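# Examination of the molecular architecture
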Amino acid sequence: MDYLLALDQGTTSSRAILFDHSGSVVALAQKEFRQIFPKPGQVEHDGLEIWSSQLFVARECLQQLPAGGKVAAIGITNQRETTLLWDRKTGQPVANAIVWQDRRTAGRCDELRQAGHAARIQKKTGLVLDAYFSGTKIEWLLDHVPGIRARAEKGEIAFGTMDSWLVWNLTGGKVHVTDVSNASRTLLFNLHTLAWDDELLGLFNIPRSVLPEVVPSSGIMAETDADVLGTTIKIAGMAGDQQAATFGQVCFAPGMAKNTYGTGCFLLMNTGARPVISKNRLLTTVGWSSEAATGAAYCLEGSVFMAGATIQWLRDGLQIIKSADEVQALAESVPDTGDVYLVPAFAGLGAPHWDPYARGALLGMTRGTTRAHIARAALEAIALQSADVFAAMSRDAGLALKELRVDGGASRNDLLMQMQADFSGVPVVRPRVTETTALGAAYLAGLAVGFWSGSDEIMAQWQVDRRFEPVMGAAERSAKRARWHKAVERSKLWVESQG
């Protein structure tokens, strides 16, 4: 019997999941890796550590293959925007990867905005000019790692987001590609032509020679080197984590939306075959494409930087819980937050504010405030941030979204999901399989090699685990969100500058 191997390279861990034909998880392995914080506002990863962790879990999954089973294809999904440069000859990174959360290029984004480039960049890329994306990260590395710009001009250096880095290593350095969804997060890719854009490359002073070839998200793009996994396996699916999760939630029709609760929160809505440029400071992004079809599916996206990472902060920073699983019981031990609000702007604010200078704020505390109130405020903050994005998306799309499909680790928290339904005012639907990011990568790969007959067969597999209906009244919801917005305003523009 054939299986599909999904490699899910995330922000805090690398995972590998083996799926069978029904979309069920057969084997799963996970390995965390270091988070490196050189200065306030800076976040890095060791590229070699990411590769070794991903290789370790892939091999562990393959060891759990049922007797006689073989892997039909590999699908890759990854943390997006995280930027790595490496030597094409040796395969060695020239510096640590700059992570999507990193704010070191916020000042450069300000310069480009003041020079009048923001509107042009948004029109071409669908993205807001922000340090979140890869473009200014690549430029920073080329300018700050000694001798690298000259070597890049000679074609000796490769750039990649984590999908490209994994394929490079899986193929023994033979293949340098990225898919359209990851390319669309770089500030260098034209949404309308689906190609790298020379004007944008010039603006960021990035030589074309560092860039990977752009390929469809679903299609055979490479084969693994036999020495890496013990056999050759087709790599046939690739998408950034949020686009993969949207695919895994079978949001195939325009107007369908999902929210993934991972390190951050990412709400995506399928807008169909044409990009919709946001008027509410959301992102327009490529969802996915396939070899079998021309063009691409597009999405609107709202990015919240701190979701699961907020719970990690309660555990590791404040140390008011020992494990993330404790947060629901602690939050439920009080009936409300006691008017305490946590704005988790630890890495600035994402959509729809886009303020890299905002910082975390805990407001409304009194002597009666306990760790339970803070835990409940942290859960509310995750749901309230997503509710803001959901409202902005409804305005952009010009339609009232009827439900929100959810996935990711924190979607298993029933209290948080009820808060989300209450603050958004729509039903929140959790599927039976919440590993939808990895499942989306598996679906993309499986469709390319004929593992599934088509999208209809995949849609038939999607099943509801639980539906959370809003119980909060409209007046209470409005008052709650107004109070939240007051707290958010307090956190803005806290840092004077970011260099």
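Here's what I pulled together on the structure shown here. (Residues numbered from 1 in each chain as written. Predicted model: local features only at pLDDT ≥ 70, side-chain atom pairs only at ≥ 80, totals over all residues. Heavy atoms only, no water.)

## Describing unusual backbone geometry
Along the chain, Ala351 connects to Pro352 via a cis peptide bond; the corresponding omega equals -5 degrees. By the element assignment, Pro352 lies in the loop between β19 (341-343) and β20 (361-363). Despite not being glycine, Leu187 shows a phi value in the positive range, around 75 degrees. With respect to the helices and strands, the residue Leu187 is situated in the loop between α7 (180-183) and β10 (189-190). The backbone of Asn205 sits at a positive phi, close to 60 degrees, despite the residue not being glycine. If you trace the backbone, Asn205 turns up in the loop between α8 (198-204) and β12 (213-215). (Helix = DSSP H or I, 4+ residues; strand = E, 2+ residues; numbered from the N terminus.)

## Description of the environment of Thr83
The residue Thr83 is located in the loop between β5 (70-78) and β6 (84-87) in this model. For Thr83, a relative accessible area of 0% puts it in the buried group. Along the chain, Thr83 and Ala307 lie 224 residues apart, while their C-alpha atoms are 22 Å from each other. Discounting chain neighbours no more than four positions away, the residues touching Thr83 are Asn96, Ala97, Ile98, Ser134, Lys137, Ile138, Leu141, Phe159 and Gly160. Within the structure, the side chain of Thr83 is placed 2.8 Å from the backbone oxygen of Glu81, a separation counted as a polar contact. (Buried < 20%, exposed > 50% of the residue type's maximum accessible area, 1.4 Å probe, protein only. Contact = heavy atoms within 4.5 Å. Polar contact = N/O pair within 3.5 Å; in protein donor to acceptor, adjacent residues only side chain to side chain.)

## Here's the deal with the pattern of salt bridges
Counted according to the given criterion, the structure contains 35 salt bridges. We note a salt bridge from Arg15 to Glu435, for which the minimum N-O separation is 2.5 Å. Here Arg15 is found in strand β2 (residues 13-19), whereas its partner Glu435 is found in the loop between β22 (428-431) and α15 (436-448), with 420 residues between them in sequence. Of the two residues, Arg15 and Glu435, both sit in the buried class. The salt bridge involving Asp130 is made with Arg103; its shortest N-O contact spans 3.1 Å. (Salt bridge = Lys/Arg side-chain N within 4 Å of Asp/Glu carboxyl O.)

## As for the sheet that holds β2
What the six strands build is an open sheet, ordered β3-β2-β1-β5-β14-β13; its pairing is mixed. Looking at which strands have only one partner, the edges of the open sheet turn out to be β3 (25-32) and β13 (218-223). Pairwise comparison of adjacent strand axes, ignoring direction, gives a mean angle of 25 degrees for this sheet. As judged from the eight bridges shared by strand β1 (residues 2-9) and β5, these two strands associate in the parallel manner. Each residue of the ladder has a partner; that of Leu7, found in β5, is Ile76. Of the strands in this sheet, β1, β5, β13 and β14 (234-240) touch helix α6 (residues 162-170), which is tilted by about 145 degrees from β5. (Pairing = 2+ DSSP bridges. Axes fitted to C-alpha atoms, helices over the stretch in contact; angles between N-to-C directions.)

## Topic: the sheet that holds strand β16 (residues 265-272)
Reading across from one edge, β17-β18-β16-β15-β21-β22-β23 is the order of the seven strands in this open sheet, with mixed pairing throughout. Strand pairing shows two members of the sheet lacking a second neighbour, β17 (283-288) and β23 (464-468), which therefore form its edges. Sheet twist, expressed as the mean angle between neighbouring strand axes with direction ignored, is 30 degrees. Here strand β15 (residues 257-261) pairs with strand β21 (residues 404-407) via three bridges, running parallel. Paired with Asn259 across the two strands is Val406, which belongs to β21.

## A look at the packing of helix α1 (residues 47-63) against α6
Direction vectors running N to C along α1 and α6 enclose 65 degrees, while the axes themselves pass 11 Å from each other. Between α1 and α6 lies a crossing of right-handed hand. Contacts from Gly47, Leu48, Ile50, Trp51 and Gln54 in α1 reach Met162, Trp165, Leu166, Asn169 and Leu170 in α6. Its residues placed into classes, the contact of α1 with α6 shows seven nonpolar, three polar and no charged. (Left-handed = near helix turned anticlockwise from the far one by under 90°. Nonpolar A, V, L, I, M, F, W, Y, C, P; charged D, E, K, R; others polar.)

## Thoughts on the pairing of β5
Along β5, eight of the nine residues are buried, which leaves the element largely enclosed by surrounding structure. Note that β5 and β14 share five bridges and pair parallel. Within β14, the position partnered with Ile74 by the bridge is Ile235.

## Things to note about the packing of helix α10 (residues 241-248) against α15
α15 packs onto α10 with a crossing angle of 75 degrees between their chain directions and a minimal axis gap of 7 Å. Compared by their axis directions, α10 and α15 come out roughly perpendicular. Here α10 contributes Asp241, Ala244, Ala245, Phe247 and Gly248 to the contact with α15, which in turn contributes Thr436, Thr437, Leu439, Gly440, Ala441, Tyr443, Leu444 and Leu447. Within the contact of α10 with α15, the residues separate by chemical class into eight nonpolar, four polar and one charged. (Parallel < 35°, antiparallel > 145°, perpendicular 65-115°, else oblique.)

## Notes on the pairing of β1
Across the eight residues that make up β1, a large majority, seven, are buried. Note: β1 against β2, six bridges, orientation antiparallel. In the strand pairing of β2, Ala6 is matched with Ile17.

## Brief notes about the packing of aromatic side chains
Enumeration over the complete set of coordinates arrives at 16 aromatic pairs. Pairing Phe247 with Trp288 gives two aromatic rings, centres 5.0 Å apart and planes at 80 degrees, and the pair type is edge-to-face. Here the residue Phe247 occupies a position in helix α10, and Trp288 occupies one in strand β17, the gap between them amounting to 41 residues. Each member of the pair, Phe247 as well as Trp288, carries the same accessibility label: buried. Consider the rings of Trp313 and Phe346, whose centres lie 4.8 Å apart with planes at 45 degrees: the pair is tilted. With Trp313 in helix α11 (residues 308-317) and Phe346 in the loop between β19 and β20, this pair connects stretches of sequence that are 33 residues apart. By relative accessible area, Trp313 is classed as partly exposed at 25%. You can call Phe346 partly exposed: its relative accessible area is 28%. In this structure an aromatic cluster arises from ring pairing among Trp100, Tyr132, Phe133, Phe266, Phe305 and Trp354. When the ring centre of Phe56 is taken as reference, the NZ or CZ atom of Lys31 above it lies at 5.0 Å. (Phe/Tyr/Trp six-rings, centres within 6.5 Å; stacked < 30°, edge-to-face > 60°. Lys NZ or Arg CZ within 6 Å of the ring centre and 35° of its normal.)

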